[in-house]
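# Residue-level structure breakdown
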Amino acid sequence: MPFGLASALAMFCRLMRKLFANEKNVKTYLDNICIHSKSIKEHKEHLRRCLQIIKLAGLSLNIKKCRFFQRRVELLGYKVTVRRSDHCRARWKQ
């Protein structure tokens, strides 16, 4: 890793953006991965694809920090719910 640990977060963020660049339903910020879907069935497929990408990249997740199938989350100081997700998505522009 060039320049030691000082650049680790920036390099990790760049890696995450690259890994999920083609996934419209996956947004990343620092070490957070947010998957949004319209239905449970769709969400299962998005989650499966996301986990597959992580595995193929040789990365792992800390299961204690993971939350799956949430209808409401607090992210970047916002409470994002099913009904208000459209309002908050505007903040995810890359």
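Our subject in this report is the structure included herewith. Because the structure is a prediction, the values reported are computed rather than measured.

## What about the pattern of salt bridges?
Summed over the entire model, instances satisfying the criterion amount to two salt bridges. Notably, a salt bridge pairs arginine 49 with glutamate 23, separated by 3.4 Å at the nearest N-O pair. Remark: glutamate 23 occurs in the loop between helix H1 (8–19) and strand S1 (26–29) and arginine 49 occurs in helix H2 (residues 40–56); sequence separation between them is 26 residues. Where arginine 48 meets glutamate 45, a salt bridge forms, and the shortest distance between an N and an O atom there is 2.5 Å. Here the residue arginine 48 and the residue glutamate 45 both occupy positions in helix H2, the gap between them amounting to three residues, near one helical turn.

## Quick notes on the environment of phenylalanine 69
As for its placement among the helices and strands, phenylalanine 69 is situated in the loop between H2 and strand S3 (72–75). Judged by relative accessible area, phenylalanine 69 falls into the partly exposed class, the value being 38%. As a C-alpha pair, phenylalanine 69 and isoleucine 40 span 29 residues in sequence and 7.9 Å in three-dimensional space. Setting aside its immediate chain neighbours within four residues, phenylalanine 69 contacts Ile40, His43, Lys44 and Leu47.

## A few points about H2
Helix length check: H2, at 17 residues, gives a terminal C-alpha distance of 24 Å against a target of 24 Å (1.5 Å per residue), a fit within 8%. Taken residue by residue, H2 has His43, His46, Leu47, Cys50, Ile53 and Ile54 as its buried positions. Summarising the axial view, the buried residues of H2 lie within an arc of 125°, below the 170-degree limit, and thus occupy one face. Those residues of H2 that are exposed and angled more than 90 degrees off the buried face are Lys41, Lys44, Lys55 and Leu56. Contacts made by the buried residues of H2 are with H1 and strand S2 (32–35).

How each quantity is defined
- Residues numbered from 1 in each chain as written.
- Predicted model: local features only at pLDDT ≥ 70, side-chain atom pairs only at ≥ 80, totals over all residues.
- Heavy atoms only, no water.
- Salt bridge = Lys/Arg side-chain N within 4 Å of Asp/Glu carboxyl O.
- Helix = DSSP H or I, 4+ residues; strand = E, 2+ residues; numbered from the N terminus.
- Buried < 20%, exposed > 50% of the residue type's maximum accessible area, 1.4 Å probe, protein only.
- Contact = heavy atoms within 4.5 Å.
- Expected span 1.5 Å × (residues − 1).
- Arc of directions from axis to C-beta.

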